[in-house]
Amino acid sequence: MLPSSKFSRAILGVAGSLYGLLILLVIGAGAWPKSQLASGLLQSAIVVWTGICSLQITRRSSEPLRRLWLLLTISIFLVSAAQILETYYENITHLPFASPWPSDILFILWVIPALMMLLPESYQETGGVDWQTALDFAQVGIVALTAYLYFFYLTSRWHAEGQQMVVRVTLLQLYRDVIIGAAFLIRSRFLASKPIQTLFTSVSVFFLLDAVSLLAYLLTGHVAQSKAHWYDVAWCAPYFFLTVTAAGWKTERVASPQEAASQGTATIVSRALPVCMPLVVLLMSRRVAHEQITLAWASVTASFTVSLVRLMLTNEKQRRIADNLRQTEIALEQSAEMFTTAFRSSLDAIGISLMPEGRFLAVNESFLCLTGYTQEEVLGNSAADLGLWVDEEQRSRVFAKLQTGMEVREEEFLMKTKAGDVRTVQLSAARVQVGGRSGVLGMVRDVTDRSRAEEALRVSEERFRTLVQDLHVGIVLLGPNAETLFANRAVLEIFGIRDEQVKGKSSAEFEATAIREDGSEMPFAERPAPRAIATKKPIHGEVVGWRREGSRDILWTLVDAVPHMTQQGEVANVILSISDITERKNTEEALRRSEERFRTLVENLHVGVLLLGPRTEVLFANPAAQETFGIPLESLLGKTSDDLGWATLREDGTEMPLAMRPGQRALATGQPVRNEVMGWRRSGSNEVLWVLGEVVPLPGREGKLERLVATFSDITQRKEAEEALHQLSTRLLQLQDEERRRLGRELHDSLAQSVMAVNLDLAQVARSSVPLEKKARHALSEARKMLREMSREIRTLSYLLHPPVLDELGLASAVKEYAHGFSERSGISLEIDIESDFPRMPQEAETAFFRIVQESLANIQKHSGSATGKIRLWDAHGRIQLEVSDQGRGISTKPQDNGVGTPKTLRLGVGILGMRERMTQLGGTLEVHSNASGTTVRATIPLTHEGTHATPSDSRG
């Protein structure tokens, strides 16, 4: 079978072409007068090409084949040089055929590098050039050259014998090639390395073919000719064979045989050659000196010089060997000491026993600790005698294996100690020489704890596998090429497939298309597992949809891909966790559509809607909100009211602190703020935008409030109408007070005076001298009594409408006087608590407080059923406070429907609403606290330097 590689085909192609051209040249030699020159050139080219091929094999081989191929390559290039010289002398210079040519010397000496292949590798301390071997073969070359001069090259013999000298040279080469071929063939039979054996066999065939070509030359009686001959083809046959061998050679690593030369060979190489070779050269040079004294002198000098250098190197080598032996002995002693130390201090149990009986010769302390026996009990006994092996059949198998010379590596068995405990141990043993006898060195390691740990790990892995199989989350184990190695039941159920459909396959082979969240197809390289393999980084929270062929339904999954790396940094496997989120995706889609509808609704609402962040910054504003504020959305986003320069106002027009604003209150309390009326005023403007709104907190992750939804309606026009109504109400109350004051004065100044005048007239009638009948006198008396009662009622009514003392003496005196009269009329006992230095106030304030006292006392009389009451009036650090309380049944707190579905928690009469309106006009407040123990009405008005808040100063002095 011909080799198939490009290199091998090229070698055979060139060699075959050259050899074919040579054959064609020989066939047509008669028609071409220069065929001999062409034949010589083709022969030279064939040999050179063989050398090039051999050099290429040398470069591709490793030691020791590299050294052998190199020696063979040197020999081939020497033949190439000889052939080129012969072609030159024969066809260019036309030297006589029956005369010595310089190329004959190369044809004699080219085999020397090849002969070096037969000798074993010499000892090299440093791996440098083997100078001794080189000098030995230089000596051989000198002897061969001298022998050639001695037998063939003498000019006188060539002149005398002529053609016979050519035949003798050829016969010498023939004998040489046969001997070398036989030597290589014999040497190959004793080689253990198969590649070296093949090379030596090929070299043997090469030399035998070369001998056959020389034999063909002798049998054809070849003489000098001027054209190519078939002998040329036969001479190139060995080199063509060697080229074919090189083409089919397989370069493989071969361990060096490390063969040592025999004692006889070492003696010849190291002692006989350096002494005998110069003597042989000297003997042959004696005859050469008759005709070529210079050549003889040069041969002898070169031979003795090489021998001298060889002996010097040999002595130096022997000295180094001796030094190495001494160092080796020291190293052996150190090694023995270290072995003894290691033997004694090793944590593993070590024992040395004899074969085949198995008796222990030595054991270390760890062996005694492990087995529980003493040294006296162990030495001289075998493992069988001690009963260390629980399984005797296993012991017999291991013992038989050791007897065959095989090593035992980590053989696990159960060992029984002296105490009867069974331990799990590992045995490693090998044959050794002990005092000239065969023995066994065994090492036992206690792996009981490890075995138990491995069993625990196996049980744990089994539990983990069971857990993974029962998980509702899909788990997939992928190989480094994204092939499926394991898939649990959950993932099979998620995809509706069987285990055999995915085992060993990648997701690219599934009958499903991967989909991104936007609905586009996901290429295989962008899927989580291939990306994790490519980037060597974990992929978390990847959403991947899967759509089967012919179906529009999509299975949505949440995928995590975590790669596990080897120590070399490569991906060993990838673990995928897959969760079915189809329902969640459908819910999210429904939520998205719901949010879209909600957004559409919000966008079209006439009510303003704001989405606020944790700083109450605007995150969203619908068109109604933008229109209300008159600010586009891009100017609102991310800004708070302070950022926009808006001042927040209470209903009373004062600025609202940050903590009291609805958004901050909702964030602080987590409760919604409803029906809040507040105003917004731009910086530098007096116009106020009044809104009625609600703020609802939206809890985020972990219950933390992160968003607020604020809805509001523009009530600016309503507030303006209410303000107008308020002003009208204020004016009406003022008119009412003025009318009461006028009516009171009219009643006191006119009607009361008229009644008094009538009463006086009737008194005069009663005192007249005209006698009256008894009936008339009685009627007159009753009329006067009625007039007195009418006068008292008129004065009371005038006082109730507007007591004069209120204007003349102030609120404190008016309250005391009115309370005294109320107690007399109603029989209700009142406690009066008024500061002695209570100040005067503006007329409107005093009137308002007095009306509140009137209304409160009237309510006590009509509704509370209380027999007592209390009036307190005091100045609390710039705030005038009035408090009227009783111990009655209180105001009903039963919820009442207001007609729109919202219950009212307190039924307030018109009188209380009127009192509250009076306080509002003056910038004050009115509070009513009522329970089963009684009712308290508290009115408060803040004072200013001139009087009360929002009221003119008192003009009465």
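Everything that follows concerns the structure shown earlier in this document.
What this report covers is the structure whose coordinates are included nearby. (Residues numbered from 1 in each chain as written. Predicted model: local features only at pLDDT ≥ 70, side-chain atom pairs only at ≥ 80, totals over all residues. Heavy atoms only, no water.)

All right, on to the overall build of the chain then. Scanning the chain from terminus to terminus reveals 31 helices and 24 strands. Going through the 957 residues of the chain one by one, you find that 39% of them count as buried. Accessible surface, the chain: about 54,200 Å² in total, of which carbon and sulfur atoms supply 57%. (Helix = DSSP H or I, 4+ residues; strand = E, 2+ residues; numbered from the N terminus. Buried < 20%, exposed > 50% of the residue type's maximum accessible area, 1.4 Å probe, protein only. Areas by Shrake-Rupley, 256 points an atom, 1.4 Å probe, with all protein chains shown as cover.)

This brings us to the side chain of serine 75. With respect to the helices, strands and loops of the structure, serine 75 is situated in helix H3 (residues 65-91). The class of serine 75 is buried, set by a relative accessible area of 0%. Look past the residues within four positions of serine 75 in its chain and what remains in contact with it is Trp110, Val111, Pro113 and Ala114. (Contact = heavy atoms within 4.5 Å.)

One turn of the α-helix equals 3.6 residues, which is why residues spaced by three or four share an orientation. Within helix H25 (residues 662-669), the full set of buried residues consists of Pro662, Gly663 and Ala666. One side of H25 holds all its buried residues, which, seen down the axis, span an arc of 100 degrees. Residues Ala668 and Thr669 are exposed on H25 and point more than 90 degrees away from its buried face. Packed against the buried residues of H25 are strand E15 (673-682), strand E16 (688-699) and strand E17 (705-714). At the exit of H25 stands glycine 670, carrying a positive phi of roughly 75 degrees. (Arc of directions from axis to C-beta.)

The next subject is the pattern of salt bridges. Pairing between side chains of opposite charge can happen when the charged atoms of each approach one another. The tally for this structure, following the rule as stated, stands at 21 salt bridges. Close ionic contact of glutamate 357 with arginine 359 constitutes a salt bridge, the shortest N to O distance being 3.3 Å. Note on glutamate 357: relative accessible area 34%, which makes it partly exposed. Note that glutamate 617 is salt-bridged to arginine 615, the shortest N-O span being 4.0 Å. Classification of glutamate 617 by relative accessible area gives buried; the value is 10%. Taken together, the shared-partner salt bridges connect Glu357, Arg359 and Arg437 into one network. (Salt bridge = Lys/Arg side-chain N within 4 Å of Asp/Glu carboxyl O.)

Attention now goes to the sheet that holds strand E14 (residues 646-649). Strand order in this open sheet of six strands is E13-E12-E17-E16-E15-E14, and the pairing throughout is antiparallel. Lying at the two open borders of the sheet, with one neighbouring strand each, are strand E13 (618-621) and E14. Strand-to-strand twist in this sheet, taken as the mean axis angle between neighbours without regard to direction, amounts to 35 degrees. Strand direction decides the pairing type here: E15 and E16, joined by seven bridges, are antiparallel. Bridging across to E16, valine 677 finds its partner in leucine 692. Its contacts with the sheet put H25 on E15, E16 and E17, and the angle it makes with E15 is roughly 140 degrees. (Pairing = 2+ DSSP bridges. Axes fitted to C-alpha atoms, helices over the stretch in contact; angles between N-to-C directions.)

Turning next to the sheet that holds strand E11 (residues 571-580). Ordered in space as E7-E6-E11-E10-E9-E8, the six strands form an open sheet in which the pairing is antiparallel. Looking at which strands have only one partner, the edges of the open sheet turn out to be strand E7 (484-487) and strand E8 (512-515). Going from strand to strand, the sheet's axes swing by 30 degrees on average, the running direction of each strand aside.

Below, the discussion takes up the nonpolar core. As a rule of thumb, soluble globular proteins bury nonpolar side chains together. The biggest cluster of nonpolar side chains holds 50 residues, and the ones touching the most others in it are Met117, Leu199 and Phe207. When residues of this core are traced back to their parent elements, those giving at least two are helix H1 (6-27), helix H2 (35-60), H3, helix H8 (163-188), helix H9 (194-219) and helix H10 (230-247). Per-element accounting of this core gives the leading share, nine residues, to H9. In contact with methionine 117, other than residues within four places in its own chain, are Leu68, Leu71, Leu72, Phe184, Leu199, Phe200 and Val203. In terms of nonpolar packing, the next biggest core, distinct from the first, is built from 34 residues, Ile834, Phe838, Phe849 and Ile880 among them. (Core = buried A, V, L, I, M, F, W, Y, C linked by side-chain atoms within 4.5 Å.)

Contact pair H3 / H10: the axes reach a minimum separation of 13 Å and the direction vectors enclose 145 degrees. Judged by the sense of rotation from one axis to the other, the crossing of H3 with H10 is left-handed. Packed against H3, whose contacting residues are Trp69, Leu72, Ile76, Val79 and Gln83, the element H10 presents Trp235, Tyr239, Leu242 and Ala246 at the interface. When the residues that make up the contact of H3 with H10 are grouped by side-chain class, the tally is eight nonpolar, one polar and no charged. (Left-handed = near helix turned anticlockwise from the far one by under 90°. Nonpolar A, V, L, I, M, F, W, Y, C, P; charged D, E, K, R; others polar.)

Let's shift gears to a nonpolar patch on the surface. There is a patch of nonpolar side chains on the surface, built from Leu21, Leu24, Ile27 and Trp230 and spanning about 460 Å² of accessible area. Of the residues forming the nonpolar patch, the biggest block, three residues, is contributed by H1. With respect to the helices, strands and loops of the structure, isoleucine 27 is situated in helix H1. (Patch = residues over 30% accessible without salt bridge, like charges linked within 9 Å, V, L, I, M, F, W, Y side chains within 5 Å.)

This next bit is on the pairing of strand E2 (residues 360-363). As defined by bridge partners, strand E1 (residues 349-354) adjoins E2 across three bridges and the pair is classed as antiparallel. By the bridge assignment for E2, glycine 351 is matched with valine 363. Linking two consecutive strands that pair antiparallel, namely E1 and E2, is a turn of five residues; a positive phi of about 80 degrees is found at glycine 358 within it.

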